[in-house]
Amino acid sequence: MKLVKLVKSFWLWCLAFLCVLAVALLEAPTTASQQGRIAHLETLVKCPACDDLSVAQSNATSSIAVRHDIARRVKEGQSDNKILTSLEATYGTSILLSPSTSGLGLLLWLVPLGAVVALVVAGARLARRR
Amino acid sequence: MTLTWLGRAALYLAFLATIGGLVHQLIALRSDRPSRSIQWALVSLAGIVGAVAVMQFALITHNFSLAYVSENNATFTPLLYSITGMWSALEGSLLLWSLLLCAIIVLVLHYYRRRRDDQVVSWAAVVLFGVSAFFLGLMCGPADPFIHNAAKVLQGAGPNALLQDNPLVAIHPPLLYMGFVGFTVPFAFAIAMLITGRVHDQWPLEQRRWTVLAWGVLSVGIVLGAWWSYQVLGWGGFWGWDPVENAALLPWLTATAYIHSVIVQDRRGLFRVWNLSLAIATFSLTVLGTFFTRSGVLQSVHAFSSSTLGPLLIGFFFVTVALGVGLLAWRGDRLRSPVGVDHPLSKEGLFIANNVLFVGFAVVVLLGTVFPLLYEAVNGGQVTVGTPYFATVAVPMSIVLLVLMSLAPLVGWRNLDANVLWSRIRFSAWTSLIIVAALIIAGVRRPMVLLAYFLATAAAGAALRTLRGAFVAGKRRHQRWYDALRGPSAGGMVVHLGVVVMALAIVTSTSYTTRNEVTLATGQSTVVSGQYVTFYGFRTVKDSLETATQLRVDVNHHALLPAITTYHGRSAQPVGTPAIDSDLARDVYVTFDAVGGNGAASGAQVEGDLPAGSVVLGVTVEPLLAWLWIGGLLLGVGSALSFVRRRHGDEGDG
Amino acid sequence: MVISLGVLVLLIAFSAFLATRHPISAATEAPSPLLGKIAPTLKGHELGGGTFSLKSERGKVVVVNFWASWCAPCIQEAPELSTYAWSVRNKGVVVVGVVFNDPVNQATDFAAHYGSLYPSIIDPGGVIANSYGVTSPPTTFVINRQGRVAVTLLGATNAKQLAAVVARVSS
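For clarity, every value in this text was computed on a predicted model and none was experimentally measured.

### What about the overall build of chain B?
- The number of helices and strands found in chain B is 20 helices and 11 strands.
- In terms of C-alpha radius of gyration, chain B reaches 27 Å, essentially the compact-globule figure of 26 Å for 654 residues.
- C-alpha extents for chain B along the principal axes are approximately 80 × 75 × 60 Å.
- For chain B, buried positions account for 55% of its 654 residues.
- Taking all contacts inside chain B whose residues are at least 6 apart in sequence as the whole, residues at least 24 apart take part in 72%.

Have a look at this one:
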């Protein structure tokens, strides 16, 4: 009977939840490895011959060439930013699958943020009206 | 010459009949008489059916006197792909669209025939005729499908290679168009309600069935499109955030918000402005989608060739939105409801969050889609907005969505009783936690995956609990189990289950997909990501339609035949044809990437340093991908259940 | 009311913006096994007489355009190429055409008709086209100052695209 009551308790569940959360966060894999960096960068660069595939997804010759280029640069120790900018210089700005956040690109992130704000404000206004 | 004139005559007939219906309806409204506009609609339907028949006849008999046929058909094109050739290019796709639109107009007018004299029905008919007139008018003018081919051609170009290697070309576009055309109906009625000022009526409820049907068909159409692209495009993915894909997603998003929001209007009379706006927005986004597909301003693998239709389509989009906004402003005073939402975490509150979420996401997807155009106009350069951006935005949105799906079916109207909510969600909460703990123990470490499974289980729990409630209530009333499935929220909960399954499939496959290239000589085997792959040799397949170099590959002793295929026709270029070994645990996706030797006749890329007889295979292993299609099937089933749902207050409801 | 007006203004701006966009008319940059490699030999007799050799243009950016009189997009891009060639005639950029699979008299007529402002060389036997891997015109290669193939463009290009690509290659 007591066990049932315990399981029914919200606070026990919260405690269990926090434990699992702690374990999950502690055990989360870190992507600082070179392989991880290379894989991540490959998802950010468009295959030069395709419309919307990344070099990670396409096996076109130019795509493979770019993959080798990225791997070489990562092994040389270049920073992510430098790699992306040098690819931009070779292939043009359209090679990146997500525009840089400077300039007009900022708009791409302000609007979703605005949507989040709208949601929060709507909730707050409702809560206040009670 | 004959076919051209026959086709054009049929089109003109359809167009004039639509105009006639429009005028007749307006006169009937003016003089307050019941209208017989269904007769005009029938003539219009006859006209478009005639036009479609002419086009199909020309395609099936490979009659190249029509320019459209010589561009999309060849003498060796099989029957199925001749028929589907009608919607392979721009002008023909408008034929399909208009056919569906005229058919649905007849359906609507027949369904509401006993309420012909109702002003709302009359005005809705006016709007429907107007939309039909626009699309038929396009075909009578700038997008003429029946242009005569001045040259005497003996052979056509044949359909695009990617449009003739999978039978889904016969299903995906018609379903998609049925969904789009279906949304014309709620739009028409929304405009009608605003014009007549009868915004308090039960019309939104009347519309529910049309909306659910259109939504269900559109959802299944989108999922089938993803499946089709998965099977043929060769990169193992199913969604590329391509402008045309986004164009189909946008109306789906607002339509989903609309379906949910109408429930609140049903129960508590709230959200009138939201619902009218969403109905109008959904249809307008459909028109905007046709603009993206047909104007040629955005680069896309799906887009039809560019044409002069761009400004016309955008103009029509403008008219629909401006009309909606104007009418809403005009009738604004009548739309305010006396009551409001009482608590942010009540059902109504969560539904508002749902609305904001879906509309917000639609705005973001729209922005991402047109951003390259904006950037070019402002800065002169080219940018790409692709998966990294859309995924970054979609992930938090999906998380919030799953949270809403876990809570909303379980909370009450008007107020939140925390104790009651906890007692209802308790079981799912513990199950979710246990499942996450089990996953961690099993070695799953990525936080996103764990979070997805946690929330998905909670959402599934809420859906299952509601379904169980429906069955229990049904049993008490001595109903059969399949009658219980016709209860108020059963269909919706099945749809939620489908969404949960799809979400899990997407998260698992995108997080744990492994891509590898393996080089194998004839007869050689290897193990790739736990799959045993053997290459047995080449085979050339040649028939009237195609010439293909097939590879015989075995994956875990299942034979697969990836190939490089060249479809005959003027635009003959080799396309990679992937082969997939699919089971419930994982999909193995094999592509023929390169061949050894020096210039084998296969059309594949040549790897200079490989010996002849060796191949390079792309092997992608995607766990749980098959569940994505199963989830899609559940979506369809749930929509069908919702369509046959018993109305509130019908026999047997509590 | 204010919201409606705001939405209307946004809508007008949005529609007007989209209505004034032009369909994509530029060529697509394509993968080519030649990218980064030294450009294959390109020399021959020009249509109006004279000779051309790629080697002697080392140090300049060279735009090589394969075209034919029977190819519709070539008709579309011919004036653009001439415009571009004229605009860069003193700027270290050379534009040269190569006749692809076309009889000399038809090619000459075409060039005369479209007022070609850059030389085009004849490719007997299609040897040059073969070495460049050209299967369908129009195909344009941009060769950098070091003599390597930097960009391959498939399809009809235009002056604006060429200017952007050459600027990128020169930097």
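### Brief notes about the overall build of chain A
- On a plain count of helices and strands, chain A comes out with 6 helices and 0 strands.
- Mapped in sequence order, the helices and strands of chain A form the string α-α-α-α-α-α.
- Burial status across chain A gives 25% buried among its 130 residues.
- Across chain A, contacts joining residues at least 24 apart in sequence account for 42% of those joining residues at least 6 apart.

### Observations concerning the packing of helix H5 (residues 90–111) of chain B against helix H7 (residues 172–182) of chain B
Residues and elements named next belong to chain B.
- Close contact between H5 and H7 brings their axes to 9 Å; oriented N to C, the two are set at 50°. Regarding the angle of H5 to H7, the classification is oblique. The element H5 and its partner H7 pack so that their crossing is right-handed. Contacts from Leu-96, Trp-97, Leu-100, Leu-101 and Ile-104 of H5 reach H7 at Pro-173, Pro-174, Tyr-177, Met-178, Val-181 and Gly-182.
- For the contact of H5 with H7, the residue count by class is 10 nonpolar, 1 polar and no charged.

### Topic: the packing of helix H9 (residues 203–232) of chain B against helix H10 (residues 243–268) of chain B
Residues and elements named next belong to chain B.
- Taken N-terminus to C-terminus, the directions of H9 and H10 make an angle of 150°; their axes are 10 Å apart at the nearest point. Note on packing geometry: the crossing formed by H9 with H10 is left-handed. Note on element contacts: H10 touches H9 through Ala-248, Trp-252, Ala-255, Thr-256, Tyr-258, Ile-259, Val-262, Gln-265 and Asp-266, opposite Pro-204, Leu-205, Arg-208, Thr-211, Val-212, Trp-215, Leu-218, Ser-219 and Ile-222.
- Here the residues of the contact of H9 with H10 sort into 12 nonpolar, 4 polar and 2 charged.

### Notes on the pairing of strand E8 (residues 149–154) of chain C
Residue and element names in this part refer to chain C.
- Counting buried residues in E8 gives 6 out of 6 residues, a clear majority hidden from the surface.
- Here 5 bridges tie strand E7 (residues 139–143) to E8, and the two strands are oriented antiparallel to one another. Pairing of Ile-143 across the sheet is with Val-149, part of E8.
- Counting the residues between successive antiparallel strands, the hairpin from E7 to E8 contains 5 residues, one of them, Gly-147, with a positive phi of roughly 85°.

### A look at the confidence of the model for chain B
All names here are of chain B.
- Averaged over chain B, the pLDDT score is 88; the fraction of residues at 70 or greater is 94%.
- Mean pLDDT across the elements of chain B bottoms out in strand E10 (residues 605–606) (64) and peaks in H7 (95).
- Counted against residues more than four places away or in other chains, residues 649–654, with its pLDDT under 50, gives 7 contacts.

### A few points about the pairing of strand E9 (residues 586–595) of chain B
All names here are of chain B.
- Counting buried positions along E9 yields 10 of 10 residues, so the element is predominantly enclosed.
- The pairing of strand E8 (residues 579–582) with E9 spans 4 bridges and is antiparallel. The residue of E9 that forms the bridge with Ser-582 is Asp-587.
- Here E8 folds back onto E9 in antiparallel fashion, the turn holding 3 residues.

### Some thoughts on the domain arrangement of chain B
- The domains assigned to chain B are domain 1 (1–159) and domain 2 (514–626).
- The distance between the C-alpha centroids of domain 1 of chain B and domain 2 of chain B comes to 43 Å.

### As for helix H1 (residues 2–30) of chain B
Residue and element names in this part refer to chain B.
- Across its 29 residues, H1 extends 41 Å between first and last C-alpha, which sits within 8% of the 42 Å expected from 1.5 Å per residue.
- Residues of H1 that are buried make contact with helix H2 (37–60), H5 and helix H6 (119–140).
- Residue Asp-32 follows H1 closely and has a positive phi angle near 60°.

### Structural notes on unusual backbone geometry
All names here are of chain B.
- Not every positive phi belongs to a glycine, and Trp-241 is a case in point at roughly 55°.
- Among the secondary structure elements, Trp-241 is positioned in the loop between H9 and H10.
- Positioned with a positive phi, Phe-271 is a non-glycine residue whose angle comes to about 65°.

### Overview of the interface of chain A and chain B
- Listed per partner, the contact involves 43 residues of chain A and 53 residues of chain B.
- If you list the elements that add at least two residues to the side of chain A that touches chain B, you get helix H2 (10–27), helix H3 (34–44) and helix H6 (105–129) of chain A.
- Ranked by residue count, the leading element in the side of chain A that touches chain B is H6 of chain A, at 11 residues.

### Considerations on H9 of chain B
Residue and element names in this part refer to chain B.
- The end-to-end C-alpha separation of H9 is 43 Å, in line with the 44 Å expected for 30 residues at 1.5 Å each.
- At Arg-209, H9 shows its largest bend, some 35°.
- Trailing H9 by a residue or two, Gly-234 shows a phi angle of about 90°, which is positive.

### Regarding the nonpolar core
- Within the largest apolar cluster, 194 residues are counted, with the highest numbers of intra-cluster contacts made by Ala-124, Ile-191, Ala-192, Ala-456, Ala-459, Ala-503 and Leu-504 of chain B.
- Every residue in contact with Ala-124 of chain B, bar those within four places of it in the chain, is listed here: Ala-188, Phe-189 and Ala-192 of chain B.
- Residues Ala-39, Val-62, Tyr-132 and Phe-141 of chain C belong to the second largest nonpolar core, which totals 42 residues.

### Re the environment of Ala-150 of chain C
Residues and elements named next belong to chain C.
- Mapped onto the elements, Ala-150 comes out in strand E8.
- What makes Ala-150 buried here is the crowd of 22 C-beta atoms within 10 Å.
- Sequence-wise, Ala-150 and Asp-102 are 48 residues apart; in three dimensions their C-alpha atoms are separated by 27 Å.
- The contact partners of Ala-150, leaving out residues within four places of it in the chain, are Val-142, Ile-143, Asn-144 and Val-169.

### Overview of the confidence of the model for chain A
- With 83% of its residues at a pLDDT of 70 or more, chain A has an overall mean of 81.
- Here helix H1 (residues 2–8) of chain A is the element of chain A with the lowest mean pLDDT, 67, and H2 of chain A is the one with the highest, 89.

### Topic: the environment of Ser-82 of chain B
Residues and elements named next belong to chain B.
- Tracing the sequence through the fold places Ser-82 in helix H4 (residues 79–84).
- Each C-alpha atom of the pair Ser-82 and His-62 lies 8.1 Å from the other, and the pair is 20 residues apart in sequence.
- Setting aside its immediate chain neighbours within four residues, Ser-82 contacts Leu-59, Ile-60, Asn-73 and Thr-77.

What counts as what
- Counting of residues starts from 1 at the beginning of each chain's written sequence and follows it residue by residue.
- Here chains are named by letter from A upward and ligands by number from 1 upward, in the order in which they appear as written.
- It should be noted that, the model being predicted, local features are given only for residues of pLDDT at least 70 and side-chain atom pairs only at 80 or more, the latter also being counted only at that level, while totals for whole chains, interfaces and linings use all residues.
- Going along the chain from the N terminus, every DSSP run of H or I of four or more residues is numbered as a helix, and every run of E of two or more is numbered as a strand.
- As defined in this context, the radius of gyration uses C-alpha atoms, and a globule is described by 2.2 Å times the residue total to the power 0.38.
- Put plainly, a residue is buried at 20 or more neighbouring C-beta atoms within 10 Å of its own, exposed at 12 or fewer, and partly exposed in between, counting only other residues' C-beta atoms, which are placed from the backbone.
- Our contact criterion uses C-beta atoms placed from the backbone: two residues qualify when those atoms are within 7 Å.
- Helix axes use the C-alpha atoms of the stretch in contact, all axes being lines fitted to C-alpha atoms, and the angles between their N-to-C directions lie in the range 0 to 180 degrees.
- For classification purposes, an angle smaller than 35 degrees is called roughly parallel, one larger than 145 roughly antiparallel, one from 65 to 115 roughly perpendicular, and anything else oblique.
- The crossing is said to be left-handed when, going from far helix to near helix, the turn is anticlockwise and less than a right angle, and right-handed when the turn is clockwise.
- Classification convention: Asp, Glu, Lys, Arg as charged; Ala, Val, Leu, Ile, Met, Phe, Trp, Tyr, Cys, Pro as nonpolar; all other residues, Gly among them, as polar.
- One requirement defines pairing of two strands: DSSP has to find at least two bridges between them.
- pLDDT expresses how confident the predictor is about each individual residue, on a scale running from 0 to 100.
- The domain boundaries here were taken from an automatic or database domain assignment.
- Working rule for helices: expected span equals 1.5 Å times residues minus one.
- Fitting axes to the seven residues ending at a residue and to the seven starting there, one defines the bend at that residue as the angle between these axes.
- For this entry, the nonpolar core is defined as buried Ala, Val, Leu, Ile, Met, Phe, Trp, Tyr and Cys residues connected by C-beta atoms within 7 Å.

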